[in-house]
Amino acid sequence: CVSEYAKDFITKNYNKNVKVIHNAVEDFSNNFSEHKYFNNSKLNIMICGYLNKIKGFDILINSIKRLPENLQQKIELNIIGQSNDSEYCANLLKEIENMDNMHYLGLITDIKEKFELYNRTDIIVVPSRDESCSLVALEAIMMSCPIIISENVGAKYVVDKNTGFIFENENVEQLKNMLIDILNNKYDIADMGKCARKKYEETSTLEIYEKNILKMIEENI
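Remember, predicted model here, so these are calculated numbers, not experimental data.

Caption draft 1: View of the environment of asparagine 212. One can find asparagine 212 in helix H9 (residues 206-220). Expressed as a C-alpha distance, the spacing of asparagine 212 and valine 20, which sit 192 residues apart in the sequence, is 9.6 Å.

Caption draft 2: How the structure looks around the pattern of salt bridges. A complete count under the given rule lists 14 salt bridges for this structure. In this structure, the salt-bridge partner of glutamate 95 is lysine 65, at a minimum N-O distance of 2.7 Å. One end of the pair, glutamate 95, is in helix H4 (residues 87-96); the other, lysine 65, is in helix H2 (residues 57-65), and 30 residues separate them in sequence. Note on glutamate 95: relative accessible area 38%, which makes it partly exposed. Judged by relative accessible area, lysine 65 falls into the partly exposed class, the value being 28%. Across the pair arginine 197 and glutamate 201 runs a salt bridge whose closest N-O atoms are separated by 3.0 Å.

Caption draft 3: Main features of the layout of surface pockets. The volume enclosed by the largest pocket comes to roughly 250 Å³. What lines the largest pocket is a set of 13 residues, and nearest its centre among them are Glu34, His35, Tyr37, Met143 and Ser144. Of the residues forming the lining of the largest pocket, the biggest block, three residues, is contributed by helix H8 (residues 189-203). Considered class by class, the residues forming the lining of the largest pocket number five nonpolar, five polar and three charged.

Caption draft 4: Molecular detail of the sheet that holds strand E4 (residues 123-126). On the basis of which strands lie adjacent, the open sheet formed by six strands has the order E3-E2-E1-E4-E5-E6 and parallel pairing. Every other strand in the sheet has two partners, leaving strand E3 (102-106) and strand E6 (164-167) as the edge strands with one partner each. Going across the sheet, the axis of each strand differs from the next one's by a mean of 20°, ignoring polarity. Direction of pairing for strand E1 (residues 43-48) relative to strand E2 (residues 75-80): parallel, over a ladder of six bridges. Note that in E2 the partner of cysteine 48 across the bridge is isoleucine 80.

Caption draft 5: Region of the structure containing the pairing of E4. A two-sided burial pattern is seen for E4, the buried positions comprising Ile123 and Val125 on one face and Ile124 and Val126 on the other. Across two bridges, E1 lies against E4 in parallel orientation. Residue pairing for E4: isoleucine 45 is matched across the bridge by isoleucine 123. Note that E4 and strand E5 (residues 147-150) share three bridges and pair parallel.

The rules behind each value
- Residues numbered from 1 in each chain as written.
- Predicted model: local features only at pLDDT ≥ 70, side-chain atom pairs only at ≥ 80, totals over all residues.
- Heavy atoms only, no water.
- Helix = DSSP H or I, 4+ residues; strand = E, 2+ residues; numbered from the N terminus.
- Salt bridge = Lys/Arg side-chain N within 4 Å of Asp/Glu carboxyl O.
- Buried < 20%, exposed > 50% of the residue type's maximum accessible area, 1.4 Å probe, protein only.
- 1 Å grid on protein atoms, 1.4 Å probe; cavity = no way out; pocket = protein on both sides within 12 Å on 5 of 7 lines; lining within 4 Å.
- Points joined across faces, edges and corners; volume = space filled by probe spheres on them.
- Nonpolar A, V, L, I, M, F, W, Y, C, P; charged D, E, K, R; others polar.
- Pairing = 2+ DSSP bridges.
- Axes fitted to C-alpha atoms, helices over the stretch in contact; angles between N-to-C directions.

Below, the structure is given as structure tokens:
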């Protein structure tokens, strides 16, 4: 399976014979200029995924709305993903329709357009209530973006004090306080971005994935 988080679940519920091969994403970083942080003097946050409850978009939106007004104005949130006819999706879009600093950009299918947006982003947030890995988290560190993820996201193996933050599942208040610390410059986001990129090179390249797959095959033939 793709993460220790997934392994723990499978082992407890189904089968103890489980091994982990971490996921990988293609490296697109060389196609873009050097990452620039805090464009327009804002903390640029992005969240990506299908707009359903399990992805936890509401957790991030609520945490931003709980910030003092002066700090809310220092954030620019871009939301990417496919919408649907669910009540959750309708409520989510209604929540942000009067928020000048929150933008729903819809589903982006153009690779270049998507990663240009990553390249203008300071932090990627993955607040999922449950996720076996998160390709978004791996794409983020590939593009030198620190990440904030919930403890129920399998990609937490790439997060340490230098690359991002992990918060308790659905803990809006804890996530809000993390954003406050970031906005108060308690962390060097640019330096964390460089560390995130290094973590990608150590864990999540296609070359590493290929070696791990071949090793698995050789050990089990």
